[in-house]
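Survey of secondary and tertiary structure
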Amino acid sequence: MIDPRTLRDEPDVVRASQRARGEDEGVVDKLLSLDSRRRSSIAAADKLRAEQKSLGKLIPKAQGDERAELLAKAKDLAAQVKTAEVEQTEASEEFEQLHRLVPNLVHPDAPEGGEDDYVVLKHVGEPKKFDFEPKDHLELCEGLGALDMERGAKVSGSRFYFLTGVGAQLQLGLLNMAIAQATANGFTPMITPTLVRPEIMAGTGFLGAHSSEVYRLRDDDLYLVGTSEVPLAGYHADEILDLGKGAKRYAGWSSCYRREAGSYGKDTRGIIRVHQFDKVEMFVYTRPEDAEAEHARLLDWEEQMLAKIEVPYRVIDTATGDLGTSAYRKFDCEAWVPSQETYRELTSTSNCTTFQARRLGIRYRDDDGRPQTVATLNGTLATTRWIVAILENHQLEDGSVRVPEALRPFLGGTEVLTPASK
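Residues numbered from 1 in each chain as written. Predicted model: local features only at pLDDT ≥ 70, side-chain atom pairs only at ≥ 80, totals over all residues. Heavy atoms only, no water.

**What about the pattern of salt bridges?**
We apply this condition: Any Lys or Arg side-chain nitrogen located within 4 Å of an Asp or Glu carboxyl oxygen qualifies as a salt bridge. Helix and strand assignments come from DSSP, with helices taken as H or I runs of at least 4 residues and strands as E runs of at least 2, each series counted from the N terminus. To sort residues, take the accessible area from a 1.4 Å probe on protein chains only and compare it with the maximum for the residue type: under 20% means buried, over 50% means exposed, and anything in between is partly exposed.
Summed over the entire model, instances satisfying the criterion amount to 28 salt bridges. Ionic pairing is found between glutamate 87 and arginine 37, a salt bridge with its closest N-O pair at 2.9 Å. Here arginine 37 lies in helix α3 (residues 27–58) and glutamate 87 lies in helix α4 (residues 64–99), a separation of 50 residues in the sequence. Using a relative accessible area of 28% as the deciding quantity, one classes arginine 37 as partly exposed. A single salt-bridge network, built from bridges that share partners, covers Asp3, Arg5 and Arg358.

Spelled out as structure tokens, the structure:
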């Protein structure tokens with residue numbers, strides 16, 4: 001949730017953020033009204049409880065008519081306290097419900113607009129000019145014996161698949177390379193749960209506008225995660241962290257599940273947009289004043305990984321209308337996909353400021369020992385989709401694929417993936 005103090009002290013900032021996201025700015029006035037009612041009801045209930053406490057001290061000392069009068073007054077006061085507490089509860093719940101629906105503020109430098117209004121920050125590398133007609137990743141995978149879409153659909157339905165042979169090895173190699181880089185930079189590797197409770201999913205902001213993309217197990221009241229960001233955010237829920245030695249950094253390896261609701265007809269060929277994939281995700285808890293610098297570091301670590309797979313890519317600053325509920329600012333790295341002659345997202349890193357931590361009750365102690373809300377950030381290090389960029393950019397005319405040098409040690413030293421028929 002956004003900081004209530006920002007809502008009260010800088011309502012125009014919240015209104016501007018809502019406009020930038022394409023959201024209703026009228027919610028600000030509703031929240032201010034509810035906040036005023038909530039605070040008034042708390043003050044009224046506190047005052048009545050104080051009177052009740054004072055009265056309680058007088059009754060044992062009173063006698064006769066005075067005692068009877070005080071007891072009658074105490075009974076009336078108890079009824080008033082009960083009514084005031086009901087009002088306090090109702091006012092607080094109404095404020096809380098609406099407050100949780102408001103997305104995070106947006107960074108003042110984030111470009112305004114929708115999905116296509118991103119700003120390209122830089123290009124790295126040049127798309128390769130092939131002297132033959134390049135194959136797409138599905139054709140290459142089939143030749144290499146790396147993927148079985150037909151049996152994936154038979155077993156689980158559309159947009160499921162089996163990674164087979166070198167396909168499975170390629171994914172494991174990629175993710176192990178990501179974990180190796182993360183641990184070298186001080187991250188704690190984690191293999192995370194892929195089922196989480198509703199309060200954890202809601203706490204990270206995934207049950208808002210994009211809740212239709214989340215798989216839910218209604219009989220168990222659990223959700224399948226679309227990223228290990230969710231369990232990693234919940235890992236320290238309701239805790240006070242020690243950040244005296246700096247940020248806490250985790251690298252989570254998990255399978256991820258997305259319903260891809262509303263995307264039917266888009267990227268149905270191959271493994272670009274699927275219902276299940278594996279990913280290594282960086283997740284950081286830090287002091288709010290250090291969050292922007294940490295965001296730059298996460299982007300740099302993502303670019304280091306992209307350099308290792310030797311593909312052309314660009315970095316974009318995502319527009320405000322395309323940010324997730326929790327993101328204050330988001331940078332995507334998109335790799336060149338030769339068969340589509342366009343760039344496709346491989347990594348994403350978001351600064352979520354204190355938004356998620358406030359919902360999940362995660363704090364740290366400042367230099368004066370007072371509890372304060374932490375900031376959280378996340379960023380991708382590798383996913384199944386990376387196989388698409390590697391195969392298409394490093395393909396050879398005979399359907400073989402050159403393995404990027406940094407990846408070779410994670411594939412047993414293999415330099416070239418050769419079609420199964422050879």
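**Structural notes on the state of the cysteines**
Here, the word disulfide means a covalent bond between the sulfur atoms of two cysteines. To keep it simple, the criterion reads: Disulfides are defined as cysteine sulfur pairs within 2.5 Å.
Tallied over the entire structure, the rule returns zero disulfides. Note on cysteine 333: no disulfide assigned, nearest cysteine sulfur contributed by cysteine 352 at a separation of 16 Å.

**Looking at a negative patch on the surface**
Definition in use: Patches here: salt-bridge-free residues with over 30% relative accessible area, like charges joined within 9 Å, nonpolar side chains (Val, Leu, Ile, Met, Phe, Trp, Tyr) joined within 5 Å. The protein chains shown are the only cover counted for residues, whose accessible areas, like all others here, come from Shrake-Rupley with a 1.4 Å probe. Counted as positive: Lys and Arg. Counted as negative: Asp and Glu, with His and the chain ends omitted from the count. The atom standing in for a charge is NZ when the residue is Lys, CZ when it is Arg, CG when it is Asp and CD when it is Glu.
Together, Glu115, Asp116, Asp117 and Asp322 make up a region of like negative charge exposed at the surface. Mapped onto the fold, aspartate 322 is located in the loop between β11 (313–317) and β12 (329–337). Given a relative accessible area of 33%, aspartate 322 falls into the partly exposed group.

**A short note on the nonpolar core**
Let me state the cut-off plainly: Within this scheme, the nonpolar core is defined by two criteria: the residues are buried Ala, Val, Leu, Ile, Met, Phe, Trp, Tyr or Cys, and they are joined through side-chain atoms within 4.5 Å.
Core analysis: the largest hydrophobic core is formed by 57 residues, its most contacted members being Ile309 and Leu391. Among the nonpolar cores identified, the runner-up in size contains 21 residues, and Val214, Leu232, Leu243 and Tyr364 belong to it.

**A closer look at empty space enclosed by the protein**
Rules: Lining residues are those with an atom within 4 Å of a point, where the points come from a 1 Å grid over the protein atoms alone and group into cavities, where a 1.4 Å probe fits but cannot get out, or pockets, open sets with protein on both sides within 12 Å along at least five of seven lines. Grid points are joined across faces, edges and corners, and a volume is the space filled by probe spheres set on the points. Classes in brief: Ala, Val, Leu, Ile, Met, Phe, Trp, Tyr, Cys and Pro nonpolar; Asp, Glu, Lys and Arg charged; the others, Gly included, polar.
Counted by the stated rule, this structure contains one cavity of 30 Å³ or more. Taken as a whole, the largest cavity holds about 30 Å³ of empty space. Surrounding the largest cavity, Ile272, Val337, Arg344, Leu346, Arg385, Val388 and Ala389 form its lining. Those elements that provide at least two residues to the lining of the largest cavity are β13 (342–351) and α12 (386–393). For the lining of the largest cavity, the residue count by class is five nonpolar, no polar and two charged.

**As for the packing of helix α7 (residues 166–184) against α12**
In plain terms, the rule: With axes taken as lines fitted to C-alpha atoms, and helix axes fitted only over the stretch in contact, angles between N-to-C directions fall between 0 and 180 degrees. Convention used here: angles under 35 degrees read as roughly parallel, angles over 145 as roughly antiparallel, angles from 65 to 115 as roughly perpendicular, and any remaining angle as oblique. By definition, turning the near helix anticlockwise from the far helix through less than a right angle yields a left-handed crossing, and turning it clockwise yields a right-handed one. Note on definitions: a residue-residue contact is assigned when non-hydrogen atoms from the two residues lie within 4.5 Å.
Relative orientation of the contacting elements α7 and α12 amounts to 110 degrees, with a least axis distance of 10 Å. One way to sum up the angle between α7 and α12 is to call them roughly perpendicular. Both α7 and α12 take part in a crossing whose hand is right-handed. Touching Gly167, Leu170, Gln171 and Leu174 of α7 are Trp386, Ile387, Ile390 and Leu391, all from α12.

**Observations concerning α4**
Our working definition: To estimate how far a helix should reach, multiply one less than its number of residues by 1.5 Å.
Spanning 36 residues, α4 covers 52 Å between terminal C-alpha atoms, matching the ideal 52 Å at 1.5 Å per step. Of all the positions in α4, only Leu70, Leu77, Val81, Ala84, Gln88, Ala91, Phe95, Leu98 and His99 are classed as buried. Buried residues along α4 sit against α1 (4–9) and α3.

**Some words on the packing of aromatic side chains**
Definition in use: Within 6.5 Å between ring centres, the rings of Phe, Tyr and Trp (the latter by its six-membered ring) count as paired, and their orientation is classed by plane angle as stacked under 30 degrees, edge-to-face over 60, tilted in between. Both a distance and an angle decide whether a charge sits over a ring: NZ of Lys or CZ of Arg must be within 6 Å of the ring centre and within 35 degrees of the ring normal.
Scanning all chains against the criterion turns up six aromatic pairs. Between phenylalanine 130 and phenylalanine 132, the aromatic rings sit 5.2 Å apart at their centres with planes inclined by 65 degrees, giving edge-to-face as the arrangement. For the pair shown, phenylalanine 130 and phenylalanine 132 are each scored as buried. Ring centres of phenylalanine 283 and tyrosine 285 lie 5.2 Å apart, and the angle between their planes is 70 degrees; on these two criteria the pair is classed as edge-to-face. Summarising the burial analysis for this pair, phenylalanine 283 and tyrosine 285 share the class buried. An aromatic cluster is defined as three or more aromatic residues linked by ring pairs; in this entry it consists of Tyr235, Tyr250, Phe283 and Tyr285. Sitting above the plane of the phenylalanine 95 ring, arginine 38 keeps its charged end 4.5 Å from the centroid.

**Some details on the side chain of threonine 286**
Examined against the element boundaries, threonine 286 turns out to sit in strand β10 (residues 276–286). Apart from the residues within four sequence positions on either side, threonine 286 is in contact with Leu243, Ala247, Ala291, Val374, Ala375 and Leu377.

**Quick notes on the side chain of asparagine 351**
Residue placement: asparagine 351 occurs in strand β13. Residue asparagine 351 is classed as buried on the basis of its relative accessible area, which comes to 2%. Those residues within four positions of asparagine 351 in sequence are excluded, and the remaining contacts are Ala291, Glu292, His295, Ser326, Ala327, Tyr328, Arg329, Thr376 and Leu377.

Worth remembering: the numbers are spatial, not functional.
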